Amino acid sequence: MYSRPRRRTRRTVTLAASVLLAGAVTAPAAQAAQPSGGGGPRHCTLDLNTGAERCFADFTAAVEHASGGRIDNAPASARAAAHDSGFRARARSLAADSDRQADGVIQGTFFDDVDFGGDSLTITGESLCEKDGWVDYQYDLQDAWKNRISSVQPWGNCWLWLYPEPDLGGDRDGPFKENTADIGSFMNDRTQSIGFS
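Residues numbered from 1 in each chain as written. Predicted model: local features only at pLDDT ≥ 70, side-chain atom pairs only at ≥ 80, totals over all residues. Heavy atoms only, no water.

Asker: Just checking my understanding: could you explain the overall build of the protein for this structure?
Answerer: Across its full length, the protein carries 4 helices and 9 strands. Helices and strands appear in the protein in the N-to-C order α-β-β-α-α-α-β-β-β-β-β-β-β. A total of 197 residues make up the protein; the buried ones form 48% of that total. Here the analysis covers contacts within the protein between residues at least 6 apart in sequence; of these, 65% occur between residues at least 24 apart. Taken as a whole, the protein presents about 9100 Å² of accessible surface, with 49% of it coming from carbon and sulfur. (Helix = DSSP H or I, 4+ residues; strand = E, 2+ residues; numbered from the N terminus. Buried < 20%, exposed > 50% of the residue type's maximum accessible area, 1.4 Å probe, protein only. Contact = heavy atoms within 4.5 Å. Areas by Shrake-Rupley, 256 points an atom, 1.4 Å probe, with all protein chains shown as cover.)

Structural data, given as structure tokens:
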């Protein structure tokens, strides 16, 4: 049995407003932001502060955008990035430096397929997760990402919690503290909301 964490009211309300605004403002923009041609995996970024979503044809471009240009040489494949110790070291260094910068932190990347394959969604937020027993940020997945997540990569000192209902509802799974190539059958293709702690 899993217990539901208490949430920080200030951040939850602000985030909820951002997410509502994001749903109203970015759905058409997300359609327009799709990479052209190829038909391969889409690698999208979502800024929880602004609700802005952009999609790219490769993982390198998505990470460069999500990191504000601070990581411009990530492997083109998310699967390769997950297994690249040099990239993981740069990502950890970025998280440490982000605590001193104002342009946000990558908090997690979510994948359509096991072993970090298929489409990806990289979510950024205002700061590192605090590790104080609270869910620092939450996100209700838009329809395009509901019931699709099969593997995850936590960033920014965050642990990832996956929930089968909006607003962190239902029995959760996690925390996912490390790159997880297969989240397991309990939440595979069932996630509708995410908690970052």
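Asker: Before we go on, may I ask you to explain the state of the cysteines in this structure?
Answerer: With the rule as written, the count across this model stands at 2 disulfides. Shown here is the disulfide that connects C44 with C55, its sulfur atoms set 2.0 Å apart. Its torsion about the S-S bond being 100°, the disulfide of C44 and C55 is classed as right-handed. Taken together, the residues span a long stretch of sequence, with C44 in strand β1 (residues 43-47) and C55 in strand β2 (residues 53-56) at a distance of 11 residues. A relative accessible area of 1% means that C44 is categorised as buried. There is a disulfide in this structure between C129 and C158, and the S-S distance comes to 2.0 Å. Classification of the bridge connecting C129 and C158 rests on its S-S torsion, roughly 80°, and on that basis the disulfide is right-handed. You can see C129 sitting in the loop between β4 (117-125) and β5 (137-140) and its partner C158 sitting in the loop between β6 (151-154) and β7 (160-163), a full 29 residues away along the chain. For the residue pair C129 and C158, the accessibility class agrees, reading buried in each case. Here the cysteine-cysteine linkages of the protein are recorded as 1-2, 3-4, numbering only bonded cysteines and doing so in sequence order. (Disulfide = S-S within 2.5 Å.)

Asker: How do you make sense of the packing of aromatic side chains when you look at a structure like this?
Answerer: Describing an aromatic ring pair means giving the distance of the ring centres and the angle of the ring planes. By the definition in use, this model includes 5 aromatic pairs. Ring centres of F59 and F87 lie 6.4 Å apart, and the angle between their planes is 70°; on these two criteria the pair is classed as edge-to-face. Note that F59 is positioned in helix α2 (residues 59-66) and F87 in helix α4 (residues 85-98), a separation of 28 residues in sequence. Judged by its relative accessible area of 3%, F87 is buried. Exposure remark for F59: the relative accessible area of 0% places this residue in the buried category. Each residue in the set F59, F87, F111, F116 and W155 is aromatic and connected to the rest through ring pairs, giving one cluster. The cationic tip of R172 hangs over the ring face of W161; the distance from NZ or CZ to the ring centre is 3.5 Å. (Phe/Tyr/Trp six-rings, centres within 6.5 Å; stacked < 30°, edge-to-face > 60°. Lys NZ or Arg CZ within 6 Å of the ring centre and 35° of its normal.)

Asker: Quick question: what am I supposed to make of the environment of R148 here?
Answerer: Along the chain, R148 turns up in the loop between β5 and β6. Along the backbone, R148 and M187 are 39 residues apart, and their C-alpha atoms lie at a distance of 9.6 Å. Apart from the residues within four sequence positions on either side, R148 is in contact with F111, D112, D119 and D189. At 2.8 Å, the side chain of R148 and the side chain of D119 are in polar contact. Looking at R148, its side chain comes within polar contact range of the main-chain oxygen of A144, at 2.7 Å. (Polar contact = N/O pair within 3.5 Å; in protein donor to acceptor, adjacent residues only side chain to side chain.)

Asker: How should the sheet that holds strand β3 (residues 105-113) be read in this particular structure?
Answerer: Note on sheets: strands pair through backbone hydrogen bonds, and any given pair is parallel or antiparallel. Pairing is mixed in the open sheet, where 5 strands are placed in the order β2-β1-β4-β3-β6. Two strands lie at the open edges of the sheet, namely β2 and β6, each paired on one side alone. Direction aside, neighbouring strands of the sheet carry axes that sit 15° apart on average. Two strands pair when backbone bridges link them, and β3 and β6 are joined in this way by 4 bridges, in the antiparallel orientation. Residue pairing for β6: F111 is matched across the bridge by S151. Here α2 sits on the sheet in contact with β1, β2, β3, β4 and β6, set at roughly 10° to β1. (Pairing = 2+ DSSP bridges. Axes fitted to C-alpha atoms, helices over the stretch in contact; angles between N-to-C directions.)

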